[in-house]
Amino acid sequence: MLERFLVQASTYASDIDGLINLVAVLAGFWFLLAEAMFFWLIWKFRARPGKKSQYLTGKEKHVSRWITIPHALVLVCDVFIIIGSVRVWYNVKQVLPEADSTIRIIGQQWAWTFQHPGADNELDTADDIFTVEDLHVEVEKTYHFKLESRDVLHDFSVPVFRLKQDALPGRSITGWFRPTMTGEFGIQCAEICGIGHGIMAGRIHIEDANTHAAWISSASVATTP
Amino acid sequence: MMLRNVRRIGLPLLVIGAAACDATPPPVGMARGAELYETCQPCHGAEAAGNPDIAAPAIAGLPQWYIQDQLRGFQAGYRGDHAGDLPGLRMRPMALTLNREGDVESVAEYVASLDPHFPASTLHGNAGVGAASYAVCAACHGADGLGNPDLHAPPIVQLDDWYLLNQLRNFKSGARGARPGDTWGVTMRVNSLALTDQAMQDVIAYVQTLR
């Protein structure tokens, strides 16, 4: 459903969409039912000439079951949501698949800096490629990222991956993603980080193997800080 | 009664809301510049005297052409688009918000109209030693350090000493002046390559004496 509006470009994007759909369907069902009941009761017990209103304490069984039965059913739905959430959380946040490559992502007011491993595929070596605002990755490769912040809280968000991860000053947070389609997509900061937060954007370039290798070859060493 | 309240409160709110939604910017010039400067103010300060704690230099009273040059440099990526230039990375997105015709000129005109600010020295270079190195700089920036618009050389006497040091380091490392098309930056990069960090501080100390 959500992929109609925003493509799914990572292996776990469909899992997260599935969870959002599950929550939307269950919460939407109860919302619509509750609203329908609410307006039906308003209409049914509307003011009528000669009929006095009645005060309800809510203690009578035939009244209180209007609360207790839906309450129990909502809790049953919650169990399904919790099971789905734990499954997705485990797959996305607890499991760390073996990496084909590792990158470093550094947030600062108000730009993203990316450290790519270069031709040797080793991070923190002399051939690392630094870019600002543009992240280059290869499709169908698993990436670990080390997310850092130079100043305040940021949040690395790639909507097509359904990926959001807070960046905290003083910490290096490890996460992962595996792109499933080529293309150029947006990166944004999803944590208010100051006056320039709204324009703290970047781009992720998901390339096939040949294009990515060509980019690594052509990337200028002048980008090294 | 309720309808009267709606009229009394709702209509003025509607008028205020409509006025607030009026997207027509002030015409190009000082008024628009003052409005745009509100975005710069959190870092550069109300009087554009800068804030060294966040590496925001004093810009009040700098020439309009120079401010325009720098803003366009940020917009084009000559400045603030290098992983090693942290303050520049902060400035670039702000410059990109000046996206309507006349914005850059207006805010530059406004900043240029402010009373110049001559920030106090924070470095401890040897001005006597720096005087010799300054002979090279004087060709563009002038013996008095007041700059030369024809050569796009700014009045460096007016700039913070820590800012000058950061920029010389940026030029030397290639964080600035290394992009094709950055004609004037390339000149500075070439001249910065031979300077050691101490030599940079010495020449900056000499520049401070020119005020």
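Residues numbered from 1 in each chain as written. Chains lettered and ligands numbered in written order. Predicted model: local features only at pLDDT ≥ 70, side-chain atom pairs only at ≥ 80, totals over all residues. Heavy atoms only, no water.

1. Thoughts on the state of the cysteines
Condition: Cysteine sulfur atoms are paired as a disulfide whenever they fall within 2.5 Å.
With the rule as written, the count across this model stands at zero disulfides over all chains. Between A:Cys189, a cysteine without a disulfide, and A:Cys193, which holds the nearest cysteine sulfur, the sulfur-to-sulfur distance is 3.9 Å.

2. Notes on helix α2 (residues 61-94) of chain A
Residues and elements named next belong to chain A. Put simply, the test is: Counting from the N terminus, the helices are DSSP H or I runs at least four residues long and the strands are E runs at least two residues long. Take the number of residues in a helix, subtract one, and multiply by 1.5 Å to get its expected span. The cut-offs for exposure are 20% and 50% of the maximum accessible area for each residue type, with area from a 1.4 Å probe on protein chains only; residues under the lower value are buried, those over the upper are exposed, and the others partly exposed. The contact criterion used throughout is that any non-hydrogen atoms of two residues lie within 4.5 Å.
Under the 1.5 Å per step criterion, the end-to-end length of α2 is 46 Å for 34 residues, consistent within 8% with the ideal 50 Å. Val63, Cys77, Ile81, Gly84, Val88 and Val92 are the residues of α2 that are buried. In the core, the buried residues of α2 are packed alongside α1 (13-44) and β8 (173-177).

3. Regarding the packing of aromatic side chains
Heads up, the rule is: Pairing of aromatic rings covers Phe, Tyr and Trp, the last through its six-membered ring, and needs centres within 6.5 Å; plane angles under 30 degrees mean stacked, over 60 mean edge-to-face, and all others mean tilted.
Tallying each qualifying case throughout the model produces 13 aromatic pairs over all chains. The interplanar angle of 70° and the centroid separation of 5.3 Å between the aromatic rings of A:Phe38 and A:Phe39 together place this pair among those described as edge-to-face. Given the relative accessible area of 44%, A:Phe38 is considered partly exposed. Judged by its relative accessible area of 52%, A:Phe39 falls in the exposed class. Note on B:Tyr37 and B:Tyr110: the rings are 5.6 Å apart at their centroids and 45° apart in plane angle, and the pair reads as tilted. Here B:Tyr37, found in helix α2 (residues 30-44), pairs with B:Tyr110, found in helix α5 (residues 103-113); they are 73 residues apart in sequence, far enough to count as distant.

4. Let's talk about the domain arrangement of chain A
Residue and element names in this part refer to chain A. What counts, and what does not: Residue ranges for the domains trace back to a domain assignment, done automatically or taken from a database. Note on definitions: buried area is the accessible-area loss of two parts on being combined, 1.4 Å probe, summed for both. Salt bridge criterion: a side-chain nitrogen from Lys or Arg within 4 Å of a carboxyl oxygen from Asp or Glu. Any pair of N or O atoms that falls within 3.5 Å is considered a polar contact. Within protein, one atom must be able to donate a hydrogen and the other to accept it, and sequence-neighbouring residues count only if both atoms are side-chain atoms. Residue polarity is assigned by list, with Asp, Glu, Lys and Arg as charged and Ala, Val, Leu, Ile, Met, Phe, Trp, Tyr, Cys and Pro as nonpolar; anything else, Gly included, falls into the polar class.
On domain assignment, one finds that chain A holds domain 1 (2-94) and domain 2 (101-223). With 15 residues of domain 1 at the contact, the number on the domain 2 side is 15 residues. Where domain 1 abuts domain 2, roughly 1,200 Å² becomes buried across the two surfaces, and 54% of that area is made up of carbon and sulfur atoms. Put simply, domain 1 and domain 2 have one salt bridge between them. For Arg162, the salt bridge identified is with Asp17, shortest N-O distance 2.6 Å. The interface formed by domain 1 and domain 2 contains twelve residue pairs in polar contact (both at pLDDT 80 or more). Where the side of domain 1 that touches domain 2 is concerned, the elements lending two or more residues are α1 and α2. The residue makeup of the side of domain 1 that touches domain 2, split by class, is eight nonpolar, four polar and three charged.

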